[in-house]
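Here is how the chains run, residue by residue.
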Amino acid sequence: MNPAQVEFLAENQTIQITPNFSHDRLYLICGEVGPFRPGIPVQVPLWMAINLKQRQKCRITAPEWMTVETLTKIKEDEGQSKTFTPMPDEHYMVTTQLILGAAPHDIANADEVRILVKDIWDMRIAKLRSSVDAFLKIGGSLAKVDHLTLMEINTVRPFLPHALDQLFRLRQVWRKTLPIIRPNKFVQQAYNHREMALNIPDPSQIRRLINRVQKPLVFRGLIESWPMLKFSQNDWENVFRQLVLECRVGSRNSRGDQPQWEGESDNIKCTYSEFIKWSENSGDVRNQEMSDLETDKHFLYYGYKYMKDIFDSDVLRMTEWKAFGYPEKNGAESTFWMGTAGAHTPCHYDTYGCNLVAQLSGRKRWILFPPEDTDFLKPTRVPYEESSVYSMINFEKWVGTIPDIEGTHPHVVDLLPGDVLFVPRHWWHHVRNEELSISINIWLELTNDDREARLHESLVKFLVAHTCRNLPPNVVSELLNPNEEDMAYADLDEIHNFVQYSFKALKDNEADGRHVPEDDALPDEPWILPVVCTGSSEPKVKKARPANAHSNIEVLDVVRAFCHPRVIETVSQLLKNEFKN
């Protein structure tokens, strides 16, 4: 939307005039206006008011906010706030220019009003440009624009899309894991915080382990300095204040063959206070969206939220990863997860990097499987979500037990507050909250390994984007995860460029011949615990196709087959063989 279109919208707002003529009611496309009688105020579109004023047919009445007193208060509030404050008119600048341009003598203290509006505009534009600069520097992919007007957004429109296009090619794409908990034998033995404090390892040693070890680990005693680890509910409430949380609502009784996909879930909006009161069955929740939800049948999940989008800089600085050898990373690169008992996501693995998950409160159960178990976990890219390969198996059938899946080697661990789980590259994980739980995670790039994965991911995206163009909307909604709905309208040239960029980066890396050797040797220290295999099930004789499986090949079955990891690996290898030089 360009400035002329924004001005068109502003001109359609209604404003009060006092006419000096008589006329019957007028019937316009936007509705009825009039009748007009001398000296009797009437509401008309702004464009009509300007036209009548230019013909000296009326006097324009200033909007309630167009006074020196009101604008002075707005200016003071804007100057004191770090974020954008609500404006009294979504087209305040255009409205002021139009009214003062046509009827300056109808507005009291017109010159002062003009100066105050210009001051407010300048303050907000300076704040916007500063925010955009910070957004681009941290490689952001999502930003809130609450309380910005359309004309203000237009001031950054010429360069922001181009800058984001460049970031799209270069940025690291990370994916989520979900924390989940369970007590009993899977909880690692309790540890002494004071003992841990005396045995803190060198951060470079931790970073070396993260880059070399290919087994899941639990670190202990390394986030004792995090203030949020000691937060009470009142502390969290002060952090969230009146922030509206958009939460996923899921069923705690999902026992079917298929996982409970995110696209099949509902969403509600609530405050942190309402979230907690509902989870505790306090009976003091007035939110109508929560009135029909029961804690023994439903769960709420406020997860996969980038902290930079919901918390201020003071909170972001509370999350430090320097103890793990990453002093440059904090909450600005981290993701926040909060869920009630039973909250979970389908089992999946992340195609890029590795993962550190810090448990702040509650208990979560993690069930992990090594990459070699992939074929037994029925991998699928439907629903499609960038950097996530899902399992078609519903793990909720085994709540409270170890999943009985032939050919797999489950590693089960329950995280407690203060634990930090290291999830190696391409390890499958199903995570479930056993009680109200809060976690923070960060995805870390493994540069050499990720170049291969990035090519695979670009090929899947290429296929999905082109397929979406030829499918009916109801099938597209099944193919795409809710956070990937824009894929149906993606720029196909951009995605093709992504494939080319990923392929070139991989070939350049292979030419360098660099490889980091694996080293599974772990130090015998109290601050590190390996997550061990809790049992395995050897492959059995292949079973007949289940009687209830559909016999017809559907469109999504074809997409699922073409996007299977083995197929994508084959396509990748063919491209590398064909374009060796």
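Thresholds applied
Residues numbered from 1 in each chain as written. Predicted model: local features only at pLDDT ≥ 70, side-chain atom pairs only at ≥ 80, totals over all residues. Heavy atoms only, no water. UniProt positions renumbered as here; feature names shortened; annotations may be inferred. Helix = DSSP H or I, 4+ residues; strand = E, 2+ residues; numbered from the N terminus. Contact = heavy atoms within 4.5 Å. Areas by Shrake-Rupley, 256 points an atom, 1.4 Å probe, with all protein chains shown as cover. Pairing = 2+ DSSP bridges. Axes fitted to C-alpha atoms, helices over the stretch in contact; angles between N-to-C directions. Phe/Tyr/Trp six-rings, centres within 6.5 Å; stacked < 30°, edge-to-face > 60°. Buried < 20%, exposed > 50% of the residue type's maximum accessible area, 1.4 Å probe, protein only. Lys NZ or Arg CZ within 6 Å of the ring centre and 35° of its normal. Expected span 1.5 Å × (residues − 1). Arc of directions from axis to C-beta. Polar contact = N/O pair within 3.5 Å; in protein donor to acceptor, adjacent residues only side chain to side chain. pLDDT = per-residue confidence, 0-100. Patch = residues over 30% accessible without salt bridge, like charges linked within 9 Å, V, L, I, M, F, W, Y side chains within 5 Å. Salt bridge = Lys/Arg side-chain N within 4 Å of Asp/Glu carboxyl O.

An unreviewed UniProt entry lists the chain under the name Probable DNA replication complex GINS protein PSF2, with Daphnia sinensis given as the organism. The record in UniProt for the chain states the following under Function (unreviewed entry): "May play a role in cellular stress response." You can read under Sequence similarities (unreviewed entry) in the UniProt record for the chain the words "Belongs to the GINS2/PSF2 family."

Engineer: Looking at this model, I keep getting lost on the overall build of the chain. Mind explaining?
Structural biologist: Within the chain one finds 17 helices and 20 strands. A fraction of 82% describes how many contacts in the chain between residues 6 or more apart in sequence connect residues 24 or more apart. In the structure as shown, the chain presents an accessible area of about 28,900 Å², 51% of it carried by carbon and sulfur atoms.

Engineer: Explanation requested: the sheet that holds strand β17 (residues 419-423) in the structure shown.
Structural biologist: Sheet strands associate in pairs through backbone hydrogen bonding, adopting either a parallel or an antiparallel arrangement. Sheet architecture is open: nine strands sit in the order β8-β7-β9-β10-β19-β12-β17-β6-β20, paired in antiparallel fashion. Each edge of the sheet is formed by a strand with only one pairing partner; in this case those strands are β8 (266-270) and β20 (528-530). Each adjacent strand pair in this sheet contributes to an overall mean axis angle of 25 degrees, direction not counted. Bridging between strand β12 (residues 354-361) and strand β19 (residues 437-444) involves seven bridges; their strand directions are antiparallel. Looking at the pairing, V357 lines up with N441 of β19. The strands touched by helix α10 (residues 233-240) within the sheet are β7 (245-251), β9 (298-306), β10 (335-339), β12 and β19, with β10 carrying the most contacts at an inclination of about 125 degrees.

Engineer: What should I look at first to understand unusual backbone geometry in this one?
Structural biologist: Trans peptide bonds make up the majority, and among non-glycine residues the majority have a negative phi. Looking along the chain, the bond that leaves G34 and enters P35 is cis, with omega of 0 degrees. Take P35: it is sitting in the loop between β3 (31-33) and β4 (42-45). Here V382 and P383 are connected by a cis peptide whose omega angle stands at 5 degrees. Structurally, P383 can be placed in strand β14 (residues 379-385). Notably, Y304 is not glycine yet its phi reads approximately 55 degrees, a positive angle. One can find Y304 in strand β9. Even without being a glycine, H426 presents a positive backbone phi close to 65 degrees. Among the secondary structure elements, H426 is positioned in the loop between β17 and β18 (428-433).

Engineer: Help me understand the packing of aromatic side chains, please; the structure alone is not making it clear to me.
Structural biologist: We describe a pair of aromatic rings using the distance from one ring centre to the other and the angle between the two ring planes. Under the counting rule described, the total for this entry stands at 24 aromatic pairs. A centroid spacing of 5.9 Å and a plane angle of 45 degrees characterise the contact between Y304 and Y306, whose relative ring orientation is tilted. Exposure remark for Y304: the relative accessible area of 19% places this residue in the buried category. Taken together, the ring pairs in this structure connect F231, W236, F240, Y272, Y302, F311 and F336 into an aromatic cluster. Against the face of F84 rests K127, its NZ or CZ located 5.7 Å from the ring centre.

Engineer: So what exactly am I meant to see when it comes to the sheet that holds strand β1 (residues 14-19) here?
Structural biologist: On the basis of which strands lie adjacent, the open sheet formed by three strands has the order β4-β1-β5 and antiparallel pairing. Looking at which strands have only one partner, the edges of the open sheet turn out to be β4 and β5 (58-60). When strand polarity is set aside, the average angle formed by the axes of neighbouring strands in this sheet is 50 degrees. In this structure, β1 lies alongside β5, joined through three bridges in antiparallel fashion. The residue bridging P19 from the neighbouring strand is C58, located in β5.

Engineer: Looking at this model, I keep getting lost on helix α17 (residues 565-578). Mind explaining?
Structural biologist: Each α-helix winds once per 3.6 residues, and so residues spaced three or four apart point in a common direction. With 14 residues, α17 extends 20 Å from end C-alpha to end C-alpha; this agrees with the ideal 20 Å at 1.5 Å per step. Among the residues making up α17, those that are buried are I568, S572 and K576. The arc that holds the buried residues of α17, viewed along the axis, is 75 degrees, so those residues lie on one side. Pointing more than 90 degrees away from the buried face of α17 are the exposed residues R566, L574 and E578.

Engineer: What am I meant to see in the side chain of T351 here?
Structural biologist: Considering the arrangement of structural elements, one finds T351 in the loop between β11 (344-350) and β12. Side-chain polar atoms of T351 contact the side chain of E457, separated by 3.2 Å. If near-sequence neighbours (up to four positions away) are discounted, T351 is found in contact with R381, S387, S388, V389, H426, D450, A453 and E457.

Engineer: For this particular structure, what's the right way to read the pairing of strand β13 (residues 364-369)?
Structural biologist: Taken across its six residues, β13 has six buried, putting it largely inside the fold. Where burial is concerned, the two faces of β13 agree: the one with K364, W366 and L368 and the one with R365, I367 and F369 are both buried. Here β13 pairs with β18 via six bridges, running antiparallel. When the bridges of β18 are listed, W366 appears paired with V431.

Engineer: Got a minute to help me understand helix α2 (residues 46-54) in this structure?
Structural biologist: For α2, the full list of buried residues reads L46, M48, A49, I50, L52 and K53. Just past α2, the residue Q56 takes up positive phi, approximately 60 degrees.

Engineer: Just checking my understanding: could you explain the confidence of the model for the chain for this structure?
Structural biologist: Do not read the predicted coordinates in detail wherever pLDDT is low. Considering every residue of the chain, the mean pLDDT works out to 85; 85% of them sit at 70 or more. Note on residues 171-185: pLDDT is under 50 here. Beyond four places in sequence and across chains, it has 93 contacts.

Engineer: I keep staring at a nonpolar patch on the surface and nothing clicks. Help me out?
Structural biologist: Residues I553, V558, F562, V567 and V571 make up a contiguous nonpolar surface patch of about 430 Å² in total accessible area. Listing elements by their share of the nonpolar patch, those giving two or more residues are α16 (555-562) and α17. Of note, V567 is situated in helix α17. Using a relative accessible area of 30% as the deciding quantity, one classes V567 as partly exposed.

Engineer: I tried to follow the pairing of β19 on my own but got confused; where do I start?
Structural biologist: Along any regular strand, the residues point their side chains to alternate faces of the sheet. Most of β19 sits inside the fold, with eight of its eight residues counted as buried. Residues S437, S439, N441 and W443 line one face of β19 and the alternating positions I438, I440, I442 and L444 line the opposite face, and both faces are buried.

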